[in-house]
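# Reading the structure
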Amino acid sequence: MAAAGMGQQWVLVEMVQAFYEAPAYHLILEGILILWIIRLLFSKTYKLQERSDLTPKEKEELIEEWQPEPLVPPVPKDHPALNYNIVSGPPTHIITVNGKECINFASFNFLGLLDNEKVKTAAQASLKKYGVGTCGPRGFYGTFDVHLELEERLAKFMRTEEAILYSYGFATIASAIPAYSKRGDIVFVDEAACFAIQKGLQASRSNIKLFKHNDMADLERLLKEQETEDQKNPRKARVTRRFIVVEGLYMNTGDICPLPELIKLKYKYKVRIFLEESLSFGVLGEHGRGITEHFGINIDDIDLISANMENSLASIGGFCCGRSFIIDHQRLSGQGYCFSASLPPLLAAAAIEALNIMEDNPDIFQTLRAKCERIHKALQGISGLKVVGESFSPALHLQLEESCGSRENDVKLLKRVVDYCMNSGIALTQACYLEKEEKCLPPPSIRVVITVEQTEQELDKAASLIKEAAQSVLN
Amino acid sequence: MERPGRAAAAAGAQPRANGCSGAAHGALRNGYVRGLPAHDTQVNHIVHNGGLYKRPFNEAFEETPMLVAVLTYVGYGVLTLFGYLRDFMRQWKIEKCQNATEREEQKDFVPLYQDFENFYTRNLYMRIRDSWNRPICSVPGAKVDMMERVSHDYNWTFTYTGRVIKDIINMGSYNYLGFAQNAGTCQEAAAKVLSQYGAGVCSTRQEMGNLDKHEELEKLVARFLGVESAMAYGMGFATNSMNIPALVGKGCLILSDELNHASLVLGARLSGATIRIFKHNNMQSLEKLLKDAIVHGQPRTRRPWKKILILVEGIYSMEGSIVRLPEVIALKKKYKSYLYLDEAHSIGALGPSGRGVVDYFGLNPEDVDIMMGTFTKSFGAAGGYIGGKKELIDYLRTYSHSAVYATSMSPPVVEQIITSVKCIMGEDGTTVARVQQLAENTRYFRRRLKEMGFIIYGNEDSPVVPLMLYMPAKIGAFGREMLKRNIGVVVVGFPATPIIESRARFCLSAAHTKEMLDRALKEIDEVGDLLQLKYSRHRLVPILDRPFDETTYEETED
């Protein structure tokens, strides 16, 4: 060691001596070489970007040259969605569509509360007291005593700690999801989930994992995958929130989610469940509390329930309910809650009265169920059309048994069935979707909506008429 | 054509935050002229924009005084320190924790909230929570009744005493034209429709929810706006968030004002288009972005943009500023982009005939590609609309998310809009008195506040009047002191505003009488002295052409 050190020192001394003895031109040459190396080291050997030093004139030319696409592409004049049905008068049990009087099998007025005199009277009283609009968001003098009352009533009805109101049904779940699930979080969602859920997920910018519709094995597979992923990176896993988002009664398929299995998976994999109950609220369960009551599940096992008040309650708006720990967060973080004007008081009053009616007449749900089952049975065995959905679902789908090749033609065919029924006094509609926007586009279908106002004769008439229409159009 | 924004350069000053010269006063950001004779920024502006503006455009954002800014930061510092202290005490169970907690069964789940997320809510917002969500129990007109509530646990919970505080002067609701009424033609018409149609609709526009009333409303709105066609939606927020994605998508560019409302931001985000932000109402910033975008095309792929959409609002609800629409339109034309104008606060509230910011500047509505607005504010109803060319509306009728998936508007709400729009248009026999009254109230109220020495933001014609409070403690104090004096005001702080620019906001209404405004002004003056809010360093020279009589004016001038 010591010898080596000595040796090195000696070399250094020799070098210095050599330096003194070297001729000047040599030193100069070496100096230049060293400078050259330094320059090479510090100068960029390649250009990161082709520099486009355009002259102002060239820029002007580019701007002159650029031709944008038109703001919107032209819509073909015969586009099926361009000309809406025009409903003159109230959209109640008997509805006038395009000038023709029909029995309504299209509006989600399951409990017939749209035309209810008590509801109207309550709304009138509210209108007399508060006027129409609220002129402000909840934070800024847009909180009315009716809103507080409705929130309390909804919470009590659903037997949860707290409920929060939104002024638009669509915005409810679409705002609730991004209030909790953020970038980097993981959401497991049923592929049949409705559009509002899809938009909420998109706004959350979370990691989205679709599982096959109602396929618990597929969901568990994804959860397991995630578990192994988590074991690889436990630090990240500790801060990654996970959610399962499902619907109680699926808008797009008419069937219900297997909630008991979902709850098992929830505790097994420690995932929170958000439940969209827009169709099942006020429909399923002995008292209309929805899918949790239907399965007899403790509502506290569901982290968040969201529903709109635009179907059973026949008002406008939506609500979320659950434990205060969860719901309260939306009062500052739910975008549709904070930044939107609150629900017009008359609509809140209508919803309160509708809740009263639901509480006073719990057999209404049994009646609805019987009617659903009746038409469900009557619609079986139509050649060319298959019934999709649970027998107790008040919104069921009729799909073509065999597609005739293209979606466009299927839609046209179904439209002829709808028109046939409409001409004979039964108002039906196809389920409308934005074909390019849907994650998993459901096949085209006619949606049949059952309400308690429809009599047994009307139900039978509708079923036989649909059969007749299918026969004449499809065969 | 003279390029907009040249004014600043010509005036020999640095371009300032608002695309206008600050030559006259270092402290003025927006070429605002306050009756001081010598300063000609305004004149410059008109000249250098090739006469784009037909009327004076006076907008002020007085700079925050240095001392106030420092004190504000100190205030937040103290609050944060105490927040940590109390969190520490809560952790060691010295102080009772009032937070709602996770279920026992789910304690081992990944926490739903990160702790620091709630630090602000728990330690700052909670202290002054009583200034928001105050429940009212009457029509939100010029005067409201409020439910009295008290908190025995420092705002963690409220209990209602059952008493009602009557006749609070309402300076908070967006009731610009005073259509929040529970009597009169609008209410009667709405009541009639309610008893005929019921409250809800239970279907979407494309399915079975397209009522004759909706069609009537849309035709009327199109006529009111002076556009070919219009479509109405059930919620103002959703009008933005659900329609912007139908208009632009991948490969498109959105240029958005930095202070745009959350709904525009959400809509832009959902669309999948690239979003770039320009400085608030700053035309140089916008032009630079436009030019760069066209010259450079899309990042990485270098393809030209499919289309460029500019998103602006008519009146910015937190700043009280009015969009520089003539310049925006000039830029939009020059750079072949499309303009989306959100008139949530300006429709009804601006312009000689109440037709919004386009009317205010005397422009052609056809120059705005997408005219969006809400019915919540000036019309005292709910919902939103989009107006424009027939092709645009046809497209939206087919592809708008709202039309396909959301329940259509409630018929009585629709009727309220129909009658109030007809009233503004003077078709029900009344005149445009409401619009004029609002304009007068606005000018009077703003002028008086400035004379008192408050820092007031925004345009002199904007009925949204922000009064700067700055310090966090003053947010709560101002809200409470005003309520004590029976005046309901809105106070806002972070995150709705920049952290040091907390403010109170008044929204004027045509329903405010002079007596109400004077009382409100007197109380604001008093509270202003009490809380030392008169920060303005510019003394206002009284202007003689006041809309109201001299006597009241001199009373308070002391």
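Chain B carries the name serine C-palmitoyltransferase in an unreviewed UniProt entry, which gives Strigops habroptila as its organism. Checking UniProt for chain B, the heading Cofactor (unreviewed entry) contains the comment "pyridoxal 5'-phosphate". Recorded under Subcellular location (unreviewed entry), the UniProt text for chain B is reproduced unchanged: "Endoplasmic reticulum membrane".

Going by the annotation in an unreviewed UniProt entry, the name recorded for chain A is Serine palmitoyltransferase 1, with Strigops habroptila given as the source organism. According to the UniProt record, the Cofactor (unreviewed entry) comment for chain A reads "pyridoxal 5'-phosphate". Comment text from UniProt for chain A, heading Sequence similarities (unreviewed entry), reads "Belongs to the class-II pyridoxal-phosphate-dependent aminotransferase family."

## Here's the deal with the sheet that holds strand 13 (residues 426-427) of chain A
All names here are of chain A. A sheet is described by the order of its strands in space; here 4 strands give the open sequence 1-2-3-13, paired in mixed fashion. Looking at strand neighbours, the two that pair on one side only are strand 1 (87-88) and strand 13, the edges of this open sheet. Judged from the 2 bridges that link them, strand 3 (residues 100-104) and strand 13 form a sheet pairing that is parallel. Of the residues in strand 13, the one forming a bridge with N104 is A427.

## Some words on the interface of chain B and chain A
Between chain B and chain A, the residue contacts involve 116 residues of the former and 116 residues of the latter. Interface area, chain B with chain A, both sides summed: about 10100 Å², of which 64% is carbon and sulfur. Where D108 of chain B meets K270 of chain A, a salt bridge forms, and the shortest distance between an N and an O atom there is 2.9 Å. When grouped by side-chain class, the residues that make up the side of chain B that touches chain A number 60 nonpolar, 33 polar and 23 charged.

## Thoughts on the side chain of D145 of chain B
Residues and elements named next belong to chain B. Here D145 lies in strand 2 (residues 143-150). Look at D145 and you get buried, because its relative accessible area is 13%. At 3.1 Å, the side chain of D145 forms a polar contact with the backbone nitrogen of D167.

## Things to note about the domain arrangement of chain A
All names here are of chain A. The assigned domain composition of chain A is domain 1 (84-114 + 363-390 + 401-474) and domain 2 (132-360). Each partner contributes to the interface: domain 1 provides 20 residues, whereas domain 2 provides 27 residues. Across the domain 1/domain 2 interface, buried area totals approximately 2000 Å², and carbon plus sulfur atoms make up 63% of it. If you look at where domain 1 meets domain 2, you find 1 salt bridge.

## What to know about the UniProt feature "transmembrane region" (unreviewed entry) in chain A
Residues and elements named next belong to chain A. Sites flagged by UniProt as "transmembrane region" (unreviewed entry) map to residues 24-42 and 163-181. Secondary structure over residues 24-42 splits into 100% helix and 0% strand, and the C-alpha atoms at its two ends are 27 Å apart. Annotated as 63% helix and 21% strand, the span residues 163-181 places its first and last C-alpha atoms 19 Å apart.

## Remarks on the packing of helix 9 (residues 283-296) of chain B against helix 10 (residues 325-334) of chain B
Two quantities define a packed helix pair, namely the angle between the helix axes and the distance between the axes. All names here are of chain B. Their axes nearest at 11 Å, the elements helix 9 and helix 10 cross at an angle of 10 degrees. Taken together, the axes of helix 9 and helix 10 are roughly parallel relative to one another. Packed against helix 9, whose contacting residues are M283, L286, E287 and L290, the element helix 10 presents E327, V328, L331 and K334 at the interface. Taken together, the residues that form the contact of helix 9 with helix 10 break down as 5 nonpolar, no polar and 3 charged.

## Focus on helix 6 (residues 145-158) of chain A
Residues and elements named next belong to chain A. Its 14 residues place the ends of helix 6 20 Å apart at the C-alpha level, agreeing with the 20 Å of an ideal helix rising 1.5 Å per residue. Taking burial as the measure, the 14 residues of helix 6 include 10 buried ones, the bulk of the element. Among the residues making up helix 6, those that are buried are D145, V146, H147, L150, E151, R153, L154, A155, F157 and M158. Looking one or two residues past helix 6, R159 carries a phi angle of roughly 60 degrees, positive in sign.

## Details of the domain arrangement of chain B
All names here are of chain B. When the domains of chain B are assigned, the result is domain 1 (64-101 + 111-170 + 431-537) and domain 2 (185-425). Here the C-alpha centroids of domain 1 and domain 2 sit 29 Å apart. Counting residues at the interface gives 18 residues for domain 1, matched by 19 residues for domain 2. With both sides pooled, the region where domain 1 packs onto domain 2 buries about 1300 Å², and carbon together with sulfur makes up 59% of that total. The tally of links from domain 1 across to domain 2 stands at 1 salt bridge. A salt bridge links R503 to E319, with the nearest nitrogen and oxygen atoms 2.8 Å apart.

## Side note on the nonpolar core
Of all hydrophobic cores here, the largest spans 241 residues; its most connected members are L449 and F478 of chain B. With 10 residues, the single largest contributor to this core is helix 16 (residues 345-360) of chain A. In contact with L449 of chain B, other than residues within four places in its own chain, are F454, I456, V465, L467, F506, L521 and I524 of chain B. Within the second largest apolar cluster, 45 residues are counted, among which are F243, L304 and C320 of chain A together with A406 of chain B.

## Things to note about the side chain of N104 of chain A
With respect to the helices, strands and loops of the structure, N104 of chain A is situated in strand 3. From its side chain, N104 of chain A meets the backbone oxygen of P91 of chain A in a polar contact 3.4 Å long. Not counting residues within four places of it along the chain, the set of residues in contact with N104 of chain A comprises P91, T92, H93, I95, A427, V449 and Q454 of chain A together with M208 of chain B.

## Observations concerning the pattern of salt bridges
Residue and element names in this part refer to chain B. Within this structure, the stated rule accounts for 65 salt bridges over all chains. Residues R205 and E218 are paired through a salt bridge, measuring 2.8 Å at the closest nitrogen-oxygen approach. Here R205, found in the loop between helix 5 (185-197) and helix 6 (212-225), pairs with E218, found in helix 6; they are 13 residues apart in sequence, far enough to count as distant. A single burial state applies to R205 and to E218, both of which are buried. Among the charged side chains, a salt-bridge network with shared partners connects E481, K484, R485, R519, K522, E523 and E526.

Thresholds, definitions, all that
Every chain is numbered independently, its residues counted from 1 as its sequence is written. Labels are handed out in written order, letters beginning with A for the chains and numbers beginning with 1 for the ligands. Only residues with pLDDT of at least 70 are given local features in this predicted model, and only at 80 or more are side-chain atom pairs given and counted; all residues enter the totals for whole chains, interfaces and linings. Excluded from the side-chain calculations are hydrogens and water; all other atoms, namely the structure's heavy atoms, are used. UniProt positions are given in the numbering used here, feature names are shortened, and annotations may be inferred rather than shown by experiment. Whether two strands pair comes down to DSSP finding at least two bridges between them. Each helix is a run of DSSP H or I of at least 4 residues and each strand a run of E of at least 2, with the numbering of both proceeding from the N terminus. The contact rule is simple, with two residues in contact once any of their heavy atoms fall within 4.5 Å. Joining two parts hides part of their accessible area as seen by a 1.4 Å probe, and the buried area is that hidden amount summed over both. In what follows, salt bridge is the name for a side-chain nitrogen of Lys or Arg lying within 4 Å of a carboxyl oxygen of Asp or Glu. The residue classification treats Ala, Val, Leu, Ile, Met, Phe, Trp, Tyr, Cys and Pro as nonpolar and Asp, Glu, Lys and Arg as charged. All others, Gly included, are polar. Three labels apply to residues, based on accessible area from a 1.4 Å probe with only protein chains included: buried if under 20% of the type maximum, exposed if over 50%, partly exposed otherwise in between. Polar contact criterion, stated in full: a pair of N or O atoms within 3.5 Å, where within protein one must be able to donate a hydrogen and the other to accept it, and residues adjacent in sequence count only if both atoms are side-chain atoms. Domain start and stop points were drawn from an automatic or database domain assignment. Axis definition: a line fitted to C-alpha atoms, limited for helices to the stretch in contact. Angles are taken between N-to-C directions and run from 0 to 180 degrees. We call two directions roughly parallel when the angle between them is under 35 degrees, roughly antiparallel when it is over 145, roughly perpendicular when it lies between 65 and 115, and oblique otherwise. Expected helix span is computed as 1.5 Å times (number of residues minus one). As used here, the term nonpolar core means buried Ala, Val, Leu, Ile, Met, Phe, Trp, Tyr and Cys residues forming a set that is joined through side-chain atoms within 4.5 Å.

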